[in-house]
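# A look at the structure
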Amino acid sequence: MKTVYLVRHGESEGQIGPNYQGPQTPLSQKGREQSDFIAERASKLGIEVLISSPFERTRETTEKIKGVTGLSPIYSDLFTERRRASDQIGKPKEDPKVVEIEKLWIGNFHLPYFRYADEENFNDLNNRAKEALEYILARPESKIMVVTHGWFMRVLIGKAMFGNDLTADDCQKFLHNMRTSNTGLTVLEYGADEAMPGWQLYIYNDHTHLG
């Protein structure tokens, strides 16, 4: 059996700032404090391997967890945040062109292959989530922690729950209705029920460590 602890990074400067963030956006002061709390919690879980997105905000959160567990992180692009259109990165969130791009992306997400420019669409995210789950299952460890991002974490959970039956329409509803908190902890298990083999969701977005 495998237990996978999914952690969303701490609050970033990009989340509270006026511009859309890119890979180099760091944590805010609040995000660093949140990361201390999840690190303390992680120290009690007996995790055997620590995997992380290589983005700066996830690296900072992961380094906090490394500090209390002694685990050297494995950084993988499989767990990065969904890729926005380049025309959005670093631009004001209220810029009319940026707003229009976001509306087009969200409004057409139910079309698996729709693409405005160079952003990831549902088909891209679905395939990456499949590859990420296969990567996790192929690892020898039983207790795995993955530090990732809000959007991609929800796609990953949707893929674990629905497998090949996950549609773009279902995924969009999941993304809209199942929000996550910064450093929220989600727990997936694989192989816990011999009668129904596969992924099961045990805990979603537990952030009691934040008080």
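In this report, the structure presented in the accompanying data block is examined. (Residues numbered from 1 in each chain as written. Predicted model: local features only at pLDDT ≥ 70, side-chain atom pairs only at ≥ 80, totals over all residues. Heavy atoms only, no water.)

## Some thoughts on the overall build of the protein
Within the protein one finds seven helices and six strands. Shown N-terminal to C-terminal, the secondary structure of the protein runs as helices and strands in the order β-α-α-β-α-β-α-α-β-α-α-β-β. Here the C-alpha radius of gyration of the protein, 17 Å, is about what a compact globule of 211 residues would show, namely 17 Å. With the C-alpha coordinates aligned to their principal axes, the bounding extent of the protein is approximately 45 × 40 × 30 Å. Counting the 211 residues in the protein, one finds 49% classified as buried. Relative to all contacts within the protein whose residues are 6 or more apart in sequence, the contacts with residues 24 or more apart total 68%. Only carbon and sulfur atoms are counted for the fraction: they give 51% of the accessible area of the protein, which is about 9900 Å². One way to put it: in the protein the 26 positive side-chain charges average out to a point 2 Å from where the 30 negative ones average out. (Helix = DSSP H or I, 4+ residues; strand = E, 2+ residues; numbered from the N terminus. Rg over C-alpha atoms; globule rule 2.2 N^0.38 Å. Buried < 20%, exposed > 50% of the residue type's maximum accessible area, 1.4 Å probe, protein only. Contact = heavy atoms within 4.5 Å. Areas by Shrake-Rupley, 256 points an atom, 1.4 Å probe, with all protein chains shown as cover. Lys, Arg positive; Asp, Glu negative; His and termini not counted. Charge placed at Lys NZ, Arg CZ, Asp CG, Glu CD.)

## Describing the sheet that holds strand S1 (residues 2–8)
Overall, mixed pairing links the six strands, which are arranged S3-S2-S4-S1-S5-S6 in an open sheet. At either end of the open sheet lies a strand with only one pairing partner, and these are strand S3 (74–75) and strand S6 (199–206). By the bridge criterion, four bridges tie strand S2 (residues 49–52) to strand S4 (residues 143–148) in an arrangement that is parallel. Across the sheet, residue Val 49 finds its bridge partner in S4, namely Ile 144. With respect to the sheet, helix H6 (residues 150–162) is in contact with S1, S4, strand S5 (185–190) and S6, its orientation differing from that of S6 by roughly 150 degrees. (Pairing = 2+ DSSP bridges. Axes fitted to C-alpha atoms, helices over the stretch in contact; angles between N-to-C directions.)

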